[in-house]
Amino acid sequence: MKDRALNFLSKNANRTFDLERDLPLPMPLGLCIEPTNRCNMSCKFCPVHLDEFEGVVGGLRFMAFDLYEKIVRDVQEMCRATGRKLVNLNLYGDGEPLLHKQLLEMIRLAIDLQIAENIVVTTNASALTAYMAERLIVSGTTHLRVSIYGMESAFHKQLTGSNVTPQRIFDNVKYLRKLRDASGATYPWIYAKMIGASETRGQLELFKQKYTGVADEVNVENPINWSGYAGHDLIGALDPSHEFNQSSLQGWHRKARVNNAEKKICTTPFLSLNVKSDGKVVICIVDWSKGTIVGDIGEESLAAIWKGSRLRDFRRMHIEQRRYENSSCQNCNVFYNSPDNIDEIAEKDAARLLS
C-alpha cells in the first residue's frame, strides 16, 4: 500500500508549518517553473486559446536548459543558506510540459541537487507516450497531476480543440500505472482531476468510475477564471450560467472568524513564486499575462527577488487591500481557494510580514 503522505490533497492540506510563527519565510515553500508556454490543446477555458495570448506573453517558447539550470542552482543556494528545501517544485505553467524535449533532464537535475521534497508535473497526458511513461517512473517525479477535460469524445474535441480522444488519454494513464506497479516503483503518484461545472456535470460520475483504480487519487476540482485579465470570461466555457461562486469557498481550511468576514488578503506572494519560460518571475500560476512581475531570473538571483523591494511592495499592496491597483489581481478570485489565511496575522503585525 502506498504511503498516505503521497496523497496529493493531504500533502497540500496537512501543512507542517505555522504561518503566524514562521512568516516571513526565508525562502519560498513552493516554486513553479514553466518549461514551455506552448500547448498541443487549445482549451476554451484556458488563456492559451485567446487570439492575443502570444502577443501578451511575449512569444511562444521552450525554456532554455541553461536558464532552468540557473534557477535550480539559485534554489540550491537558498537551501544551503536557510537549511530548508522547497516543499513543492512544480514543473508546469500555461503550456504542456511533456512537450519539452529536456523535461526529464530538468527533473533529474532537481533530484540531483536535492532542492525539493516533491517534484510535481501537471499534464493533459496526450503526450504521455510509452517512452515517456517508462522514464517518468525512474525520473524521481513524485506526483503527476493529470488534467481530464471530458469523457465524451465530441465534448472533449469541442472544448479542447484537439483530436486526441479521451480514450487515448485514459490508455496512456493506464499504461503508466500498470508499468509503475509492475516495476515495484512508488512514483509518480497519479492524481487525476476533472473540473466540476455545469457543462461537465453529466460526465463526472463516469470520470470517477473509470479513473478510480487507474489513478491513485481521483478528484473533482473547482473551476477558475485565471486572473480575469481584460474581462475575459474563461470560466464561461465550463459554467456559462455562472452557477459557481468562487468567493463562497473561502479557503479549504479557513479559520472561523469572530465577525465571519470574507478573506481579503492573498497569501501567494508570501509563500511561493512562479518563473515563466522567458525567466520573468511572477507571483502566481494564474497570472498568464504577467501583470505581477517582481523580477527576472536572467538578471537577478532568486534570493534577491525573494528579498527584494518589488516583492515587498507587492505584499504591502495586498496587506493594504489595494489589489485593485494591479491588472492581474483586481478581478482575481482564485485566492479564495488557498488553504491559508493571513488576514488576522496582518491585522496584528503587518510590519513583521513585510520585514
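As a reminder, the structure under discussion sits directly above these lines.
In this convention, every chain numbers its residues from 1, walking through the sequence in written order. Where local features are concerned, this predicted model is filtered to residues with pLDDT of at least 70; where side-chain atom pairs are given and counted, the filter is 80 or more; whole-chain, interface and lining totals use all residues. To obtain the side-chain values, all non-hydrogen atoms of the structure were included, while hydrogens and water were left out.

(A) Just the overall build of the protein chain, in detail. Under the DSSP-based scheme used, a helix requires at least four consecutive residues in state H or I and a strand at least two consecutive residues in state E, with every element numbered from the N terminus. Secondary structure summary: the protein chain contains 13 helices and nine strands in total. Our radius of gyration is a C-alpha quantity, and the globule rule it is checked against amounts to 2.2 Å times the number of residues to the power 0.38. Here the C-alpha radius of gyration of the protein chain, 20 Å, is about what a compact globule of 355 residues would show, namely 20 Å. Evaluated residue by residue, the protein chain yields a buried proportion of 55% over its 355 residues. Whether two residues touch is decided by their heavy atoms; if any such pair falls within 4.5 Å, the residues are in contact. By sequence separation, contacts in the protein chain at least 24 residues apart represent 74% of the contacts at least 6 residues apart. Each accessible area is a Shrake-Rupley result for a 1.4 Å probe, and residues are judged covered by the shown protein chains and nothing else. Of the roughly 15500 Å² of accessible surface on the protein chain, 49% is carried by carbon and sulfur atoms. Exposed residues in this analysis have more than 50% of their type's maximum accessible area, buried residues have under 20%, and partly exposed residues fall in between, with area computed by a 1.4 Å probe over protein chains only.

(B) The arrangement of the side chain of serine 126 in detail. Mapped onto the elements of the fold, serine 126 is located in the loop between strand 3 (116-123) and helix 6 (130-139). You can call serine 126 buried: its relative accessible area is 3%. Pairs of N or O atoms within 3.5 Å make up the polar contacts considered here, provided that, within protein, one atom can donate a hydrogen while the other can accept it, and that residues adjacent in sequence are counted only when both atoms are side-chain atoms. Reaching out from serine 126, the side chain makes a polar contact with the side chain of asparagine 124 at a distance of 2.6 Å.

(C) Quick peek at the packing of aromatic side chains. Ring pairs are drawn from Phe, Tyr and Trp, using the six-membered ring of Trp, whenever the two centres fall within 6.5 Å, and their geometry is named by plane angle: stacked under 30 degrees, edge-to-face over 60, tilted for the rest. Tallied over the full model, the rule gives six aromatic pairs. With a centroid separation of 5.2 Å and 85 degrees between ring planes, the pair formed by phenylalanine 170 and tyrosine 211 is classed as edge-to-face. Note that phenylalanine 170 is positioned in helix 8 (residues 166-183) and tyrosine 211 in helix 9 (residues 204-211), a separation of 41 residues in sequence. Aromatic pair tyrosine 229 and tryptophan 288: ring centres 5.0 Å apart, planes at 80 degrees, arrangement edge-to-face. Taken together, the positions of tyrosine 229 in the loop between strand 6 (217-221) and helix 10 (268-271) and tryptophan 288 in the loop between strand 8 (280-282) and strand 9 (295-296) put the pair 59 residues apart, joining distant regions of the chain.

(D) Looking closely at the nonpolar core. To define a nonpolar core, start from buried Ala, Val, Leu, Ile, Met, Phe, Trp, Tyr and Cys residues and group those joined through side-chain atoms within 4.5 Å. Counting 97 residues, the largest nonpolar core has Leu31, Tyr68, Leu89 and Leu273 as its most contacted members. A total of seven residues in this core trace back to one element, the largest contributor, which is helix 4 (residues 65-82). Beyond its immediate chain neighbours, meaning those up to four positions away, leucine 31 contacts Ile71, Val75, Leu86, Asn88, Leu89, Asn90, Leu273, Val275 and Leu302. Core analysis: the second largest hydrophobic core is formed by seven residues, Leu6, Tyr92, Trp189 and Tyr191 among them.

(E) View of the packing of helix 5 (residues 103-113) against helix 6. Note on definitions: angles span 0 to 180 degrees between N-to-C directions of axes, and those axes are lines fitted to C-alpha atoms, for helices only across the stretch in contact. For the pair helix 5 and helix 6, interaxial distance at closest approach is 10 Å and the crossing angle is 5 degrees. Here helix 6 runs roughly parallel to helix 5, going by the angle between their axes. Touching Leu104, Ile107, Arg108 and Ile111 of helix 5 are Met132, Arg135, Leu136, Val138 and Ser139, all from helix 6. Lys, Arg, Asp and Glu make up the charged group, whereas Ala, Val, Leu, Ile, Met, Phe, Trp, Tyr, Cys and Pro make up the nonpolar group; the residues left over, Gly among them, are polar. Class assignment of the residues belonging to the contact of helix 5 with helix 6 gives a composition of six nonpolar, one polar and two charged. Oblique is the label for every angle not falling under 35 degrees (roughly parallel), over 145 degrees (roughly antiparallel), or within 65 to 115 degrees (roughly perpendicular).

(F) View of empty space enclosed by the protein. Here a cavity denotes grid points, spaced 1 Å and computed from the protein atoms alone, that fit a 1.4 Å probe unable to get out, and a pocket denotes an open set having protein on both sides within 12 Å along at least 5 of 7 lines; residues with an atom within 4 Å of a point are the lining. Grid points are joined across faces, edges and corners, and a volume is the space filled by probe spheres set on the points. According to the stated counting rule, one finds one cavity of 30 Å³ or more in the structure shown. The computed volume of the largest cavity comes to approximately 30 Å³. Lining the largest cavity we find Phe45, Ile148, Tyr149, Leu159, Met194, Ile195, Thr200 and Leu238.

(G) Representation of the pairing of strand 2 (residues 86-91). In terms of residue burial, strand 2 counts as a mostly covered element, since five of its six residues are buried. Pairing between strands is defined by DSSP: at least two bridges between them are needed. Sheet analysis places strand 1 (residues 30-33) next to strand 2, joined by four bridges and oriented parallel. When the sheet's bridge partners are listed, leucine 31 is paired in strand 2 with leucine 89. In this structure, strand 2 lies alongside strand 3, joined through five bridges in parallel fashion. The partner of asparagine 88 across the bridge, within strand 3, is asparagine 118. Between the parallel pair strand 2 and strand 3, the chain is carried across by helix 5, and the sense of this crossover is right-handed. Seen with its strands pointing away from the viewer, a crossover is right-handed when the path leading from the first strand over the helix to the second is clockwise.

(H) Just helix 4, in detail. Between the first and last residue of a helix there are one fewer steps than residues, each counted as 1.5 Å, and that sum is the expected span. End to end, helix 4 covers 26 Å across 18 residues, agreeing with the expected 26 Å (1.5 Å per residue, within 8%). Listed in full, the buried residues belonging to helix 4 are Leu67, Tyr68, Ile71, Val72, Asp74, Val75, Gln76, Met78 and Cys79. Buried residues in helix 4 make contact with strand 1, strand 2, helix 5, strand 7 (272-275) and helix 11 (302-306). The first or second residue beyond helix 4 is glycine 83, which carries a positive phi of 70 degrees.

(I) Quick peek at the sheet that holds strand 7. The strand order 6-5-4-3-2-1-7-8-9 describes an open sheet built from nine strands, whose pairing is mixed. Each end of this open sheet is capped by a strand with a single partner; those strands are strand 6 and strand 9. Relative to strand 5 (residues 189-195), strand 4 (residues 143-148) is paired through six bridges, and the arrangement is parallel. Its bridge partner being in strand 5, leucine 144 is matched across the sheet by isoleucine 190. Its contacts with the sheet place helix 4 against strand 1, strand 2 and strand 7, and it is angled at close to 175 degrees to strand 1.

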